[in-house]
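These are the residues of each chain, in order.
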Amino acid sequence: CAGPCRGTGAAQESQGPPRRSGVCLSRAEARLLLFSLWQGDYGCTFTYSAQGGTNEQWQMNVGVSEDSGLFSCSVWRPQGKSYLFFTQFKAEVKGAKIEYAMAYSQAAVGAQSDIPLKQEEFEITDTTVSHREGKFRFELSKLVIVAKTPRDEL
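Residues numbered from 1 in each chain as written. Predicted model: local features only at pLDDT ≥ 70, side-chain atom pairs only at ≥ 80, totals over all residues. Heavy atoms only, no water.

- As recorded in an unreviewed UniProt entry, the chain goes by Myeloid derived growth factor and comes from Cyanistes caeruleus.

1. Points about the nonpolar core
Phase 1 of the analysis: Core analysis: the biggest nonpolar cluster contains 34 residues, and Phe46, Phe86 and Phe89 have the highest contact counts within it.
Phase 2 of the analysis: Looking at this core, the elements that each hand over two or more residues are strand S2 (33-39), strand S3 (42-51), strand S4 (57-64), strand S5 (70-76), strand S6 (85-94), strand S7 (97-106) and strand S11 (142-148). (Core = buried A, V, L, I, M, F, W, Y, C linked by side-chain atoms within 4.5 Å. Buried < 20%, exposed > 50% of the residue type's maximum accessible area, 1.4 Å probe, protein only. Helix = DSSP H or I, 4+ residues; strand = E, 2+ residues; numbered from the N terminus.)

2. Side note on the pairing of S11
Phase 1 of the analysis: Within S11, five of the seven residues are buried, which leaves the element mostly enclosed by the surrounding structure.
Phase 2 of the analysis: The pairing of S5 with S11 spans seven bridges and is antiparallel. Paired with Val75 across the bridge in S11 is Leu143.
Phase 3 of the analysis: In the sheet, S7 pairs with S11 via seven bridges, with the strands oriented antiparallel. (Pairing = 2+ DSSP bridges.)

3. Some thoughts on the pattern of salt bridges
Phase 1 of the analysis: In total, this model carries seven salt bridges according to the counting rule given.
Phase 2 of the analysis: The salt bridge partner of Glu92 is Lys94, with a shortest N-O separation of 3.5 Å.
Phase 3 of the analysis: Notably, a salt bridge pairs Arg132 with Glu123, separated by 3.6 Å at the nearest N-O pair.
Phase 4 of the analysis: Given a relative accessible area of 29%, Arg132 falls into the partly exposed group.
Phase 5 of the analysis: Looking at Glu123, the relative accessible area reads 33%, which means it is partly exposed.
Phase 6 of the analysis: Here the residues in one salt-bridge network are Glu120, Glu121 and Arg137, joined through shared partners. (Salt bridge = Lys/Arg side-chain N within 4 Å of Asp/Glu carboxyl O.)

4. Some details on the sheet that holds S3
Two pairing modes exist for strands in a sheet, parallel and antiparallel, and in both the strands are linked by backbone hydrogen bonds.
Phase 1 of the analysis: The antiparallel open sheet is built from five strands, whose spatial order is S2-S3-S6-S10-S9. Only two strands of the sheet have a single neighbouring strand rather than two, namely S2 and strand S9 (122-124). With strand direction ignored, the average angle separating the axes of adjacent strands in the sheet is 10 degrees.
Phase 2 of the analysis: Inspection of the sheet shows S3 paired to S6 by nine bridges, in the antiparallel sense. Residue pairing in the sheet places Tyr48 in a bridge with Phe89 of S6. (Axes fitted to C-alpha atoms, helices over the stretch in contact; angles between N-to-C directions.)

5. Quick notes on the state of the cysteines
Phase 1 of the analysis: Within the structure shown, the criterion is met by one disulfide.
Phase 2 of the analysis: Bridging Cys44 to Cys73, the disulfide has an S-S length of 2.0 Å. As the torsion about the S-S bond is roughly -70 degrees, the Cys44-Cys73 disulfide counts as left-handed. Taken together, the residues span a long stretch of sequence, with Cys44 in strand S3 and Cys73 in strand S5 at a distance of 29 residues.
Phase 3 of the analysis: Of the residues examined, Cys44 reaches a relative accessible area of 1% and is grouped as buried. (Disulfide = S-S within 2.5 Å.)

Here it is, written out as structure tokens:
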């Protein structure tokens, strides 16, 4: 991949602005690849396998709310629709419990709107969002997760 496209390691950052990284999701062969971002005690890992050779530019973003009650993780293609053939995907949060998650076959760009996957195409657990074997239709352009962080009760 050329240009601003780069893989991310498990970058550590205690506080501050949301972490953002450019990610290149394009491979001619289907192999399992992984990207991770951390902000403080909370992390997000996106694992996928896809076919295609389009050198698509993707973004991965994580953040923590001002009151530290919520952690968010997003992976998306800023140009909208992806032309990769995803055979599988999984996003996992560390240090928090998923409250909301949605996967999209097309990300909003210009006059186009987000187009969500059908609920049957993916599954959500307390810490993961992943494709559903036999139901997922191989299209993914955006994934959004909002997770609740553990809070110390006084």
